[in-house]
Amino acid sequence: MSTRGEHHTVPLSVLLKRESANDKIEHPELVYGQANQSKKGEDFALLNTECERATGDGVSTFSVFGIFDGHNGNGAAIYTKENLLTNVLAAMPSDLNRDEWVAALPRALVAGFVKTDKDFQERARTSGTTVTFVVIDGWVVTVASVGDSRCILEPAEGGVYYLSADHRLEINEEERERVTASGGEVGRLNTGGGTEIGPLRCWPGGLCLSRSIGDMDVGEFIVPVPYVKQVKLSSAGGRLIISSDGVWDALTAEIALDCCRGLPPEAAAEQIVKEAVGKKGLRDDTTCIVVDILPPEKPVAPLPAPKKQGKGMLKSMFKRKTSDSCSNIDKEYEEPDVVEELFEEGSAMLSERLDTKYPLCNMFKLFMCAVCQVEVKPGEGVSIHAGSSVCRKLRPWDGPFLCSSCQEKKEAMEGKRPTGDIHSS
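Criteria and cut-off values
Residues numbered from 1 in each chain as written. Predicted model: local features only at pLDDT ≥ 70, side-chain atom pairs only at ≥ 80, totals over all residues. Heavy atoms only, no water. pLDDT = per-residue confidence, 0-100. Contact = heavy atoms within 4.5 Å. Buried < 20%, exposed > 50% of the residue type's maximum accessible area, 1.4 Å probe, protein only. Helix = DSSP H or I, 4+ residues; strand = E, 2+ residues; numbered from the N terminus. Pairing = 2+ DSSP bridges. Salt bridge = Lys/Arg side-chain N within 4 Å of Asp/Glu carboxyl O. Axes fitted to C-alpha atoms, helices over the stretch in contact; angles between N-to-C directions. Parallel < 35°, antiparallel > 145°, perpendicular 65-115°, else oblique. Left-handed = near helix turned anticlockwise from the far one by under 90°. Nonpolar A, V, L, I, M, F, W, Y, C, P; charged D, E, K, R; others polar. Expected span 1.5 Å × (residues − 1). Disulfide = S-S within 2.5 Å.

**Considering the confidence of the model for the protein chain**
Link 1 in the chain: Within the protein chain, residue pLDDT values average 82, and 77% of them lie at 70 or more.
Link 2 in the chain: Throughout residues 1-7 the model reports pLDDT below 50, and contacts reaching past four residues in sequence, or to other chains, amount to 10 contacts.
Link 3 in the chain: Confidence drops under pLDDT 50 across residues 358-362; counting only partners more than four residues distant or on other chains, this segment forms 10 contacts.

Structural data, given as structure tokens:
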């Protein structure tokens, strides 16, 4: 939202227009649809437009959409679908207003992803899942992703925004370097005699991805730390396409958008799945969610009344203006008519993703683990910066803090302790 300046006045007409339109501006209409063709039964989707949150300025609603593409079984996908949102919300500070809540969301998503992975691995089940998790609050869209499902945005102004990362080892050189530096090996499947086939995989385990939730048998260097991107749409809105790799293996973003242009979301999702399966056949579970973020329907503007002279300045101050008659000063305070990128971070290092360089002093409670939210007694918590080579001088109370098991999880992901040891803690 726009921030009022402290050193200039805003015309009363602008304030009145803001107040009357405030609810409509901050709450777009969401229309969505889903389609799926199943081969393995390991794709799961989450669609919820009635999520509630209590904030310092009342109760508000937000929407969540997610795709969970499981592998080696469906256990991790089902568990993540059922628990991820709860874990993200548990990591949010209380009593935040709406703007603070939106700003705190990227850090809470990181904590929620790591906790979900940690809790699932404690169940000693070996399946894993990719996750593309989308939170829509007003005109702000926040996407957190691990793996190779993707989310793209086509704003009403045109163009394509990629709101997720692809963590396939085959195409992501930075992730290959991180995995090998943390103790994993990257290579293709060796069939003997020096012949290698297929995509690049991480060994042990043979996973093609560098980030996921679950996969306890692969290695802790396969991390659940998500790439997070946050954008604010203009009030003209846009269309989101969230799909598993069954779509993206067959279609580019541009083809996916073009093949469904002009269709309502349900039909659009069906068309995208049809196009993807038609190109490569049903070789994998293929799931698609389409979400249209729309400006509220505007009533037809009435014909302007005949002008009457002599009514004075008061009437002109309160009269309704059409878009064609907006004054220049009104336009000065309108929202920018472009997509605004608010946040983007993809590092796999928790010490970078949960740093204290943050505007909310209560983002991390002093005696709570920043990941799993358990109470940490004074002196027992370990600073997330412990053992890091940060330039600034750290003090004993510099947080956020981790409990001992989350600190072990962090060290294992960074290759600072033998993989597999964490499961004995």
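**Quick look at the pairing of strand β3 (residues 58-71)**
Link 1 in the chain: Burial within β3 is extensive, with 11 of its 14 residues counted as buried.
Link 2 in the chain: Pairing between strand β2 (residues 43-55) and β3: 11 bridges, direction antiparallel. Across the sheet, Thr-55 pairs through a bridge with Gly-58, a residue of β3.
Link 3 in the chain: Sheet topology places β3 next to strand β4 (residues 128-137); 9 bridges connect them, and they run antiparallel.

**With respect to the pattern of salt bridges**
Link 1 in the chain: Going through the model one piece at a time under the given rule, you end up with 22 salt bridges.
Link 2 in the chain: Across the pair Lys-409 and Asp-117 runs a salt bridge, and its minimum N-O distance is 2.5 Å. With Lys-409 in helix α11 (residues 404-413) and Asp-117 in helix α3 (residues 98-121), the pair connects residues that are 292 residues apart, well separated along the chain. Taken as a pair, Lys-409 and Asp-117 share a single burial class, namely buried.
Link 3 in the chain: Close ionic contact of Lys-229 with Glu-341 constitutes a salt bridge, the shortest N to O distance being 3.6 Å.

**Here's the deal with the packing of helix α2 (residues 75-90) against α3**
Link 1 in the chain: Close contact between α2 and α3 brings their axes to 8 Å; oriented N to C, the two are set at 140°. In terms of their interaxial angle, α2 and α3 are classed as oblique. Between α2 and α3 lies a crossing whose hand is right-handed. Together, Gly-75, Ala-76, Tyr-79, Thr-80, Asn-83, Leu-84, Asn-87, Val-88 and Leu-89 of α2 and Trp-101, Leu-105, Ala-108, Leu-109, Gly-112, Phe-113, Lys-115, Thr-116, Asp-119 and Phe-120 of α3 make up the contact between the two elements.
Link 2 in the chain: Partitioning the contact of α2 with α3 into residue classes produces 11 nonpolar, 6 polar and 2 charged.

**Some remarks on α2**
Link 1 in the chain: With 16 residues, α2 should cover 22 Å at 1.5 Å per step; its first-to-last C-alpha distance of 22 Å lies within 8% of that length.
Link 2 in the chain: For α2, the complete set of buried residues consists of Gly-75, Ala-76, Ala-77, Tyr-79, Thr-80, Leu-84, Leu-85, Asn-87 and Val-88.
Link 3 in the chain: Along its buried surface, α2 packs onto β2, β3, α3, β4 and β10 (213-214).

**Side note on α11**
In an α-helix there are 3.6 residues to a turn, and that puts residues three or four apart on one side.
Link 1 in the chain: Those residues of α11 that fall on the buried side of the exposure criterion are Cys-406, Gln-407, Lys-409, Lys-410, Ala-412 and Met-413.
Link 2 in the chain: Residues of α11 that are buried make contact with α3, α4 (173-181), α10 (350-353), β15 (382-383) and β16 (401-402).
Link 3 in the chain: Of the residues one or two after α11, Gly-415 is the one with positive phi, at around 75°.

**Quick word on the sheet that holds strand β1 (residues 29-37)**
Link 1 in the chain: Taken in spatial order, the 5 strands of this open sheet run β1-β13-β12-β6-β7, and their pairing is antiparallel. Of all strands in the sheet, those bounded by a partner on one side alone are β1 and β7 (161-162).
Link 2 in the chain: Two strands pair when backbone bridges link them, and strand β6 (residues 150-155) and β7 are joined in this way by 2 bridges, in the antiparallel orientation. For Leu-153, the partnering residue across the bridge sits in β7 and is Tyr-161.
Link 3 in the chain: Lying on the sheet, helix α7 (residues 265-280) is in contact with β1, β12 (238-243) and β13 (286-294); it crosses β1 at an angle near 30°.

**Regarding the state of the cysteines**
Link 1 in the chain: The tally for this structure, following the rule as stated, stands at 0 disulfides.
Link 2 in the chain: The closest cysteine sulfur to the non-disulfide-bonded Cys-260 is located on Cys-259, 5.0 Å from its own sulfur.
Link 3 in the chain: Cysteine Cys-288 shares no disulfide, and the gap to the nearest cysteine sulfur, in Cys-260, comes to 7.4 Å.
Link 4 in the chain: Since its relative accessible area comes to 0%, Cys-288 is described here as buried.

**Some details on unusual backbone geometry**
Link 1 in the chain: A cis amide bond, omega 10°, links Trp-203 with the succeeding residue Pro-204.
Link 2 in the chain: Relative to the assigned elements, Pro-204 resides in the loop between β9 (195-203) and β10.
Link 3 in the chain: In this structure, Asp-95 takes a positive phi of about 60° despite not being glycine.
Link 4 in the chain: Structurally, Asp-95 is set in the loop between α2 and α3.
Link 5 in the chain: In this structure, Asp-215 takes a positive phi of about 55° despite not being glycine.

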